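Per-entry structural report
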Amino acid sequence: MPEIKLTNITKRYGNFYAVDNLNLDIEDNAFITLLGPSGCGKTTTLRMIAGLETPTSGQIKIGDRVVFDSEKGINVPPNKRKVGFLFQNYALWPNMTVYQNISFGLTNIKEKMPLVDIKALKLKTKIEALKHPKELKDIYEESRNKDGKVDIEKVYLKLIDTYSMSMYSAKEFYSLGVMETVDTKSDADDKRAVLEKEFEDIVKAHEAKGETLSDKCEILKGGQAVETVRSLTKEEIDLAVRRVSRIVKIGMFMNRYPAELSGGQQQRVAIARTLAPEPQVLFMDEPLSNLDAKLRLEMRYELQRLHLETGSTFVYVTHDQMEAMTLATRICLINNGVLQQYAAPLSVYNRPENLFVADFVGNPSMNFVEAKGVQEAGGELSLNVLGNHKAVFKPSEALDLGKWFEDRDAAKAKADAELELKKKDKKYVEKNNKDESFRYHISLVEEKDDSLDEEPVITNEDFVIGIRPEFIELDEGEGGIEGELYGVMPTGMESTIKIAVGNFLLTGVVFGSKLFQIGAKHNITVSGDGILLFDRKSGKCIASGSLELE
């Protein structure tokens, strides 16, 4: 499968930037999730790669092929990009059977492809099956119903799944009568000898023309496949349908209509239809959003398995951060059309690049605590938090805060200069949906309306501490600071708790089946070295480390 490369991709509607200067490298065989809130540009990005939406500017490459380039005027249509698209609503034809839905796209294919000797291919499949007489007898016996009669349709399906046959080949094979005989092995050997002779005659006929057959029975000349513009044969279409139905386990539903299937089964049909033409890349736009919670969880496992079995590159759109965390090899987190972070799920969770990423990923959400302080000579930061409590933040790695601020200001100055340069271009359109600093939420016991308050003056002494709920601990000793249990939500395996420290509320997760009394006093400590220090002015993550509350 090819890699996908997006370079400076922008899509705007008037002065609204749906996607703003996106640069993205999607590796071969990756499972990428485009994650973000509604309206952030996820689906627009997906549709631009697929060719269903035309970017305003930039370049898109799939493998070595440029499929879009605004400067060179290249825009390859969707049907020529060899990509599969799985829509949110499945888009199955209600008047077609499952088989017809899956095969529909295959019947319309007409392109340059290798010539295949179908008769030789069918013979080769039958010969292979005849090498396993005992297995054939078992298939026959296992296909009996309660009355002891053999269910022929069941025999066909077992032959198809066991030997990767088409339905046509399965029916022809059964008509040989090998599976019904008492001495299956002897009869199978006799039939196999006849079929092998037929196969040899076909091979000799090709050799007389200077041709050979590949393992897939493609016709080769001079070691190269003979290609021609053609449609798929009925045998090839059926093999493709059976192949994908085997992958998603819907072989028994071929004659049913979509209305006769459950939501999960319809989902599998839609996946099979998308996989049938063997697309280079598979795009999915929130495909699980119509399913109930239990089925959605099961389908996540199915998609993981599907990714491994097909070896395809998956690009998956979701606003559910749990889906993104559990499925992806890398998460592409977008907000307001701008890429926020592109990294492996655990990297996004443990080391978010800014406050938006930290807030969006994780359930329960991260605790944000405003802090004020300075860096000491030893490298640690002395801070005031949660009203008038003292705390010490110790970075995990050496940190020169003064240098960090210099780099931040230099990067900001460079970005401002580049923006001013862009504004001088006559083609420049000012962005209406301005990029604003993320407004993180501080949980309070008594919330107040601060919309009329003046914006505070932020200095280099202002920080935000990010604490994941699992790092909040209730300490029965004398360490930490005192808090009051404000709320408890037990789930059996764990309990999510709310702790009040003055007017501030902290969320914690306590593992195990414990009973908690609302209103009880507890000492609170913060464990681990995964506590995050954010710059309040830019919202960027400065460092991770440990936090001691005093």
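Here, every reference points to the structure presented above.
Cut-offs used in this document
- Residues numbered from 1 in each chain as written.
- Predicted model: local features only at pLDDT ≥ 70, side-chain atom pairs only at ≥ 80, totals over all residues.
- Heavy atoms only, no water.
- Pairing = 2+ DSSP bridges.
- Helix = DSSP H or I, 4+ residues; strand = E, 2+ residues; numbered from the N terminus.
- Axes fitted to C-alpha atoms, helices over the stretch in contact; angles between N-to-C directions.
- Contact = heavy atoms within 4.5 Å.
- 1 Å grid on protein atoms, 1.4 Å probe; cavity = no way out; pocket = protein on both sides within 12 Å on 5 of 7 lines; lining within 4 Å.
- Points joined across faces, edges and corners; volume = space filled by probe spheres on them.
- Nonpolar A, V, L, I, M, F, W, Y, C, P; charged D, E, K, R; others polar.
- Parallel < 35°, antiparallel > 145°, perpendicular 65-115°, else oblique.
- Left-handed = near helix turned anticlockwise from the far one by under 90°.

**Description of the sheet that holds strand β14 (residues 313–318)**
The pairing of strands in a sheet happens through backbone hydrogen bonds and is either parallel or antiparallel. Pairing is mixed across the open sheet formed by six strands, whose spatial order is β7-β13-β14-β3-β15-β16. A strand with exactly one partner marks an edge of an open sheet, and here the two such strands are β7 (83–86) and β16 (338–343). The average undirected angle you get between the axes of adjacent strands in this sheet is 15°. Each of β7 and β13 (281–285) touches helix α9 (residues 263–275); the most contacted strand, β7, lies at about 165° to it.

**Focus on the environment of Lys 191**
Relative to the elements of secondary structure, Lys 191 occurs in helix α7 (residues 184–208). Remark: the alpha-carbon pair of Lys 191 and Gly 177, spanning 14 residues in sequence, is separated by 9.7 Å. Setting aside its immediate chain neighbours within four residues, Lys 191 contacts Leu 130, Leu 176 and Val 178.

**Considering empty space enclosed by the protein**
Tallied over the full model, the rule gives two cavities of 30 Å³ or more. The calculated volume of the largest cavity comes to roughly 50 Å³. Lining of the largest cavity is provided by Val 248, Arg 268, Ile 271, Met 299, Glu 302, Leu 303, Arg 305 and Leu 306. Looking at the lining of the largest cavity, the elements with two or more residues in it are α9 and α10 (293–310). A per-element tally of the lining of the largest cavity places α10 first, with five residues. The residue makeup of the lining of the largest cavity, split by class, is five nonpolar, no polar and three charged.

**A few points about the packing of α9 against α10**
The geometry of α9 relative to α10 is characterised by a closest axis approach of 11 Å and an angle of 20° between their N-to-C directions. Accordingly, the angle class assigned to the pair α9 and α10 is roughly parallel. For the element pair α9 and α10, the recorded crossing hand is right-handed. Between α9, through Gly 263, Gly 264, Gln 267, Arg 268, Ile 271 and Leu 275, and α10, the contact on the second element is made entirely by Leu 295, Met 299, Glu 302, Leu 303, Leu 306 and Thr 310. Looking at the contact of α9 with α10 residue by residue, the classes come out as six nonpolar, four polar and two charged.

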